Amino acid sequence: YTAKRRSEDIVVYKSDFVTSTPESLSLLSELRRAVTNNELRVYLQPKVSTANHKVVAAEALVRWQHPEKGLVPPYKFVPFAEQTGFIREITKWMISALAEQWQALQQENRLFRVSVNLSTRDLLSPSFPDYVRQTLDTFDVPTSGVCLEITESAIMDDPAFAEQTLAKLSNMGFRLSIDDFGTGYSSLGYLKRLPVNELKVDQSFVFGMMDDANDRTIVQSTIDLAHNLGLDVVAEGVETAEMYQVLGELGCEEAQGYFIGKPMPIEAFLTWREQWQEEHIEA
Ligand code: C2E
Ligand code: MG
Ligand code: MG
Ligand code: MG
């Protein structure tokens, strides 16, 4: 196996390899059941504009409502799903689920964006871009309303192929975002060439920013770099009012984090949004 080869044979071989223990075999079959039985849930976390506090977007984060284990967080199954390739099923499920809820999420006179997290496996699947667009078309969702979040490491797995897929997605009108920026070892040379619109400053730097001068410097430099490349910046992990304030002063356009709102089921998100707008935005 080499990173350059990605025929279906290779994918099957890799997944057989990873799923050869009894535990992982049963997790895989449980995940299959989760999709068939509708056990996955979309949680939405708000993204707010630091300039006017408007709720401009939300990131979709998957949860698994397991019949015995309760609500299972993504770290317990997403890495496994990525190794086995099953993540592609989860991504497809997520995109359909969001497309169905699209109209309910929109507000008057303004496009409300949703973000979806992609994995390497999505980027390396040649049929992925057309599949996503078709699903969105069915529900009249414009590609410009959907932001795709990709980590640096997902891109650097096979940069040339990822670049092709990203170009295709960008031409279709999707907004592209680099997630957890600063934690992977991406090359700035690639960043410059990729058709991305947004950088997300990793939460580790945001957490450290209030009492570590180095973290503050990293956050400031990332914001400046992004702006010089014509990109918008989102900070994740904004947990306090002070962090929110400072990020606005540093020029970061959007903020996401527990200070603003935790990930919530869609119904709860809609209620939360009404309340936030009432409290923070004059009519
Ligand atoms: P991510 O995309 O970087 O998402 C941000 C994570 O940080 C989320 O965790 C979110 O709940 C958490 N977070 C947000 N604000 C704060 C904050 O202020 N403080 C702290 N301590 N944490 C905050 P979550 O939902 O557990 O997701 C973890 C990771 O799992 C995500 O990181 C993403 O890489 C992955 N993931 C989640 N859903 C999906 C999905 O549908 N598909 C794929 N491929 N990956 C997903
Ligand atoms: Mg993300
Ligand atoms: Mg992130
Ligand atoms: Mg992350």
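What counts and what doesn't
Residues numbered from 1 in each chain as written. Chains lettered and ligands numbered in written order. Predicted model: local features only at pLDDT ≥ 70, side-chain atom pairs only at ≥ 80, totals over all residues. Heavy atoms only, no water. Phe/Tyr/Trp six-rings, centres within 6.5 Å; stacked < 30°, edge-to-face > 60°. Helix = DSSP H or I, 4+ residues; strand = E, 2+ residues; numbered from the N terminus. Buried < 20%, exposed > 50% of the residue type's maximum accessible area, 1.4 Å probe, protein only. Lys NZ or Arg CZ within 6 Å of the ring centre and 35° of its normal. Axes fitted to C-alpha atoms, helices over the stretch in contact; angles between N-to-C directions. Parallel < 35°, antiparallel > 145°, perpendicular 65-115°, else oblique. Left-handed = near helix turned anticlockwise from the far one by under 90°. Contact = heavy atoms within 4.5 Å. Nonpolar A, V, L, I, M, F, W, Y, C, P; charged D, E, K, R; others polar. Donors = N, O, S within 2.8 Å, 3.2 Å for Na, K, Ca; no water. Near = heavy atom within 4 Å. Polar contact = N/O pair within 3.5 Å; in protein donor to acceptor, adjacent residues only side chain to side chain. Core = buried A, V, L, I, M, F, W, Y, C linked by side-chain atoms within 4.5 Å. Expected span 1.5 Å × (residues − 1). Arc of directions from axis to C-beta. Pairing = 2+ DSSP bridges.

Enquirer: Would you explain the packing of aromatic side chains in this entry?
Expert: The description of two aromatic rings rests on the distance between their centres and on the angle between their planes. This model, assessed by the stated rule, comprises five aromatic pairs. On the basis of an interplanar angle of 50° and a centroid distance of 5.9 Å, the ring pair of Phe112 and Phe269 is categorised as tilted. Remark: Phe269 occurs in helix H13 (residues 266–280) and Phe112 occurs in the loop between helix H4 (87–105) and strand S4 (113–117); sequence separation between them is 157 residues. Look at Phe112 and you get buried, because its relative accessible area is 1%. Judged by its relative accessible area of 0%, Phe269 is buried. Taking 5.3 Å as the distance between ring centres and 25° as the angle between the ring planes, the aromatic pair formed by Trp272 and Trp276 counts as stacked. A residue pair is termed a helical-turn pair when its members lie 3 or 4 positions apart in one helix, as Trp272 and Trp276 do in helix H13 at four residues. Residue Trp272 shares its accessibility class with Trp276, and that shared class is buried. Among the aromatic side chains, those forming a connected cluster through ring pairs are Phe112, Phe269, Trp272 and Trp276. The residue whose ring lies beneath Lys92 is Tyr131, and the NZ or CZ to ring-centre distance is 4.8 Å.

Enquirer: Where do I start with the packing of H4 against H13 in this structure?
Expert: Pairs of packed helices are described in terms of their axes, by the angle between the two and the distance that separates them. Where H4 contacts H13, the axes come no closer than 12 Å and their chain directions differ by 25°. Of the possible angle classes, the one that applies to H4 and H13 is roughly parallel. You can see that H4 and H13 cross each other, and the crossing is right-handed. In contact with Gln101, Ala104 and Leu105 of H4, H13 contributes Ile266, Phe269, Leu270 and Arg273. Per-class residue counts for the contact of H4 with H13 are five nonpolar, one polar and one charged.

Enquirer: Please clarify how the coordination of the magnesium ion (ligand 2) should be interpreted in this entry.
Expert: Reference values for coordination geometry: four tetrahedral donors around a metal ideally subtend 109.5 degrees, six octahedral donors ideally subtend 90 or 180 degrees. Looking at the magnesium ion (ligand 2), the protein donor atoms are Glu59 (OE), Asn117 (OD1), Glu149 (OE) and Asp179 (OD), and they sit 2.1 to 2.2 Å from it. Considered as a linear motif, the donors of the magnesium ion (ligand 2) on their single chain read E-x57-N-x31-E-x29-D. Here the magnesium ion (ligand 2) and the magnesium ion (ligand 3) are spaced 4.0 Å apart, linked through Asp179, which binds each one. Pair noted here: Glu59 is in strand S2 (residues 55–66) and Asn117 is in strand S4, with a separation of 58 residues, a long-range link. Given a relative accessible area of 5%, Glu59 falls into the buried group. Taking relative accessible area as the criterion, Asn117 reaches 28% and is therefore assigned partly exposed.

Enquirer: So what exactly am I meant to see when it comes to the site of ligand 1 here?
Expert: Near ligand 1 you find 22 residues, and of these Arg63, Asn117, Asp179, Glu239 and Tyr258 are the closest. Taking Tyr258, its main chain carries an N or O atom lying 2.8 Å from an oxygen atom of ligand 1. For the shell around ligand 1, the secondary structure elements donating two or more residues are S2, H4, strand S6 (175–181) and helix H10 (203–208). With four residues, S2 is the largest single contributor of residues to the shell around ligand 1.

Enquirer: How do you make sense of the nonpolar core when you look at a structure like this?
Expert: Taken as a class, soluble globular proteins show a tendency for nonpolar side chains to be buried jointly. Among the nonpolar cores identified, the biggest contains 80 residues, and Val42, Leu44, Phe174 and Phe269 are the most heavily contacted of them. The leading source of residues in this core is H4, at ten residues. If sequence neighbours within four positions are ignored, Val42 has contacts with Ala60, Leu61, Trp93, Met94, Ala97, Leu98, Met264, Pro265 and Ile266.

Enquirer: Got a minute to help me understand helix H11 (residues 213–228) in this structure?
Expert: For an α-helix, 3.6 residues make a turn, and residues three or four places apart therefore share a direction. With 16 residues, H11 extends 22 Å from end C-alpha to end C-alpha; this agrees with the ideal 22 Å at 1.5 Å per step. Those residues of H11 that fall on the buried side of the exposure criterion are Asp215, Val219, Thr222, Ile223 and Ala226. All buried residues of H11 fall inside an arc of 95° around its axis, so they share one side. Facing away from the buried side of H11 by over 90 degrees, the exposed positions are Ala213, Asn214 and Asn228.

Enquirer: So what exactly am I meant to see when it comes to the environment of Ala235 here?
Expert: The residue Ala235 is located in strand S8 (residues 232–235) in this model. By relative accessible area, Ala235 is classed as buried at 0%. Spatially, the C-alpha atoms of Ala235 and Thr222 are 10 Å apart, while their sequence positions differ by 13 residues. Apart from the residues lying within four places of it in its own chain, the contact partners of Ala235 are Val201, Val206, Leu247, Cys252, Glu254, Ala255 and Gln256.

Enquirer: I would appreciate a short explanation of the pairing of strand S1 (residues 40–49) in the present structure.
Expert: For a regular strand, the rule is simple: side chains alternate between the two faces of the sheet. A large share of S1 lies buried, amounting to nine of its ten residues. Where S1 meets S2, nine bridges bridge the pair, whose relative direction is antiparallel. Within the sheet, the bridge partner assigned to Tyr43 lies in S2 and is Leu61. As consecutive antiparallel partners, S1 and S2 are separated by five residues, and within that stretch His53 has a phi angle of approximately 65°, a positive value. For S1 and strand S10 (residues 264–265), the ladder comprises two bridges, and the chain directions are antiparallel.

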